[in-house]
Amino acid sequence: MSEDKMTSKQYLAELTARHYQEAIEGKERGELVAWSSSIAPQELCETMGIHVLYPENHAAAIGAKGGALPLIDYAEAKGYSLDLCSYARINLAYKDMQDCCFVNMPLPDLLIICNNICNTLVKWYENLSRQLNIPLICIDVPYNVEYEVTRERIGYIKSQFMEAIRRLEQICGKPFDYDRFHSVMETSIRAAQAWNRATSYAKLTPSPLSGFNMYNYMALMVCMRGKEESVRFFNMVADELEEMVKTGKSQFPVEEKYRIMWDGIACWPYLGHNFKTFKNHGINLVGSTYPEAWTLLYEAGDMDSMARAYSAIVLNLNLERNIDLRVKIIKECKCDGAVYHLNRSCKLCDFMHYKISEEVYKRTGVPYVFFDGDQTDPRNFAKAQFETRIQALVEMMENNKARRQEN
């Protein structure tokens, strides 16, 4: 089927399959394949013509398809602690087993990471580097204790971009093409703008966008930001949502009674259950930190602004700025409540949730609940607890609405 006749759902499936297939075929031809962390500067590898695969994406897909436990069991039998990130356990097991319920992605020739989302990545990828005997390029991004990214940090990160380019030239055996780099940067910026355009429809009341679809769209934002196809895809999604607004339709299948912000990574093994629970109460997920994380905007050709963009990632922002971000999301998306995922795999998220939730509540008056879970380990989630917490949130949101009507 031609792209012009596809729906965004069909095009997403086509692009995802193509992403893995091109890497598999490239590996067979002797082309380089890299494994990368999700918010690393893909612009560098894209410029050098390296196929880039994302273990976090891969692990999330395995979890969503219900195939996480065999890999997790294998990793823990090898001595990896159950307190480690489940993405890491799944990927470290996959590296040995090379078999899963999702696509079997080829092993890498090099690794490139950016620790702007967590420090677990460093040890995880150091293990991969030692065990596979392949080079690791690690771009260190200091935590932003100040509200804004400082000039010193920008200079430090930029110098590491330049060192990464030097190492990629050695690994690839060819010079870095700065003209192509500029073009890739332009494409990445337009992809971020198209992503922002699509996800902004969540702010409308009622929203034509179901937030759980945003989780599916995000996979493409991870793995194809530097490619023209991502620009076309996100503009296709935005066009479909625009048409829904005109015709009074929505991706959300029932009446939108409540609007909530979800804070934290999705609970991939129970995504269907989470969505069904929300749907049963008429709750649409309209607010999330995900859109902000992937709206990587900078000036093409300006490596300073690119360094700033990769530093100002949600998990790398100080507490005050994280609180301001959630308040902004709740207000712009007109949220009635908030759900915080206490994700056993993501300690950095969880440690900040408690203070963030308190301060956001003080500034918005929007009720919230926590639930225990994990991004891919199904053993750390209880359906009954989730359902009970959401029922409690509904009661609080309903009470808030009743008070407003009285006043």
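Residues numbered from 1 in each chain as written. Predicted model: local features only at pLDDT ≥ 70, side-chain atom pairs only at ≥ 80, totals over all residues. Heavy atoms only, no water.

Chemist: Run through the packing of aromatic side chains, naming residues and quoting values.
Modeler: The full count for this structure, using the stated rule, is 31 aromatic pairs. Ring centres of Trp-35 and Tyr-94 lie 6.5 Å apart, and the angle between their planes is 40 degrees; on these two criteria the pair is classed as tilted. With Trp-35 in strand S1 (residues 33–36) and Tyr-94 in helix H5 (residues 86–97), this pair connects stretches of sequence that are 59 residues apart. Judged on exposure class, the residue Trp-35 and its partner Tyr-94 are both buried. Seen in terms of ring centroids, Trp-262 and Phe-386 are 6.5 Å apart; in terms of plane orientation they differ by 45 degrees. Their pairing is tilted. With Trp-262 in strand S5 (residues 258–263) and Phe-386 in helix H16 (residues 383–406), this residue pair connects regions lying 124 residues apart in the sequence. The class for Trp-262 is buried, based on a relative accessible area of 0%. In this structure Phe-386 comes out as buried when scored by relative accessible area, which is 0%. Taken together, Phe-212, Tyr-215, Phe-252, Trp-262, Trp-268, Tyr-270, Phe-275, Phe-278, Phe-371, Phe-381 and Phe-386 form an aromatic cluster joined through their ring pairs. (Phe/Tyr/Trp six-rings, centres within 6.5 Å; stacked < 30°, edge-to-face > 60°. Helix = DSSP H or I, 4+ residues; strand = E, 2+ residues; numbered from the N terminus. Buried < 20%, exposed > 50% of the residue type's maximum accessible area, 1.4 Å probe, protein only.)

Chemist: A description of the sheet that holds S1 should follow, citing residues and the corresponding values.
Modeler: Across a sheet, paired strands are connected by hydrogen bonds in the backbone, their directions being either parallel or antiparallel. What the four strands build is an open sheet, ordered S2-S1-S3-S4; its pairing is parallel. Looking at strand neighbours, the two that pair on one side only are strand S2 (51–53) and strand S4 (136–139), the edges of this open sheet. The sheet shows a mean angle of 25 degrees between the axes of neighbouring strands, direction not considered. Looking at chain direction, strand S3 (residues 110–114) and S4 are connected through four bridges and run parallel. The residue bridging Cys-114 from the neighbouring strand is Ile-139, located in S4. This element, helix H6 (residues 120–132), spans S1, S3 and S4 of the sheet and lies at about 175 degrees to S3. (Pairing = 2+ DSSP bridges. Axes fitted to C-alpha atoms, helices over the stretch in contact; angles between N-to-C directions. Contact = heavy atoms within 4.5 Å.)

Chemist: How would you explain the side chain of His-51 if you had to name every residue and give the values?
Modeler: Structurally, the position occupied by His-51 is in strand S2. With sequence-adjacent residues up to four places away left out, His-51 is seen in contact with Glu-22, Ala-23, Gly-26, Arg-29, Glu-31, Leu-32, Val-33 and Ala-34.

Chemist: Describe the nonpolar core, naming the residues involved and giving the relevant values.
Modeler: Within the largest apolar cluster, 139 residues are counted, with the highest numbers of intra-cluster contacts made by Trp-262 and Phe-278. The element best represented in this core is helix H9 (residues 211–223), accounting for nine residues. (Core = buried A, V, L, I, M, F, W, Y, C linked by side-chain atoms within 4.5 Å.)

Chemist: Run through unusual backbone geometry, naming residues and quoting values.
Modeler: The peptide bond linking Thr-205 to Pro-206 adopts the cis configuration, its omega dihedral lying at -10 degrees. Tracing the chain through its elements places Pro-206 in the loop between helix H8 (178–199) and H9. For Asn-133, which is not a glycine, the phi torsion comes out positive at approximately 55 degrees. Within the element layout of this structure, Asn-133 appears in the loop between H6 and S4. One non-glycine residue, Lys-334, adopts positive backbone phi at about 55 degrees. Within the secondary structure, Lys-334 sits in the loop between helix H14 (319–332) and strand S7 (337–343).

Chemist: I'd like a description of the packing of helix H7 (residues 151–172) against helix H13 (residues 303–311), backed by residues and values.
Modeler: Orientation of H7 relative to H13, taken along the N-to-C sense of each, is 105 degrees, at an axis distance of 8 Å. On the basis of their axis angle, the class for H7 and H13 is roughly perpendicular. Counting all contacts with H7, which are made through Arg-151, Ile-154, Ile-157, Lys-158, Phe-161, Met-162 and Ile-165, the residues of H13 involved are Met-303, Asp-304, Met-306, Ala-307, Arg-308, Tyr-310 and Ser-311. Across the contact of H7 with H13, the residue classes break down as nine nonpolar, one polar and four charged. (Parallel < 35°, antiparallel > 145°, perpendicular 65-115°, else oblique. Nonpolar A, V, L, I, M, F, W, Y, C, P; charged D, E, K, R; others polar.)

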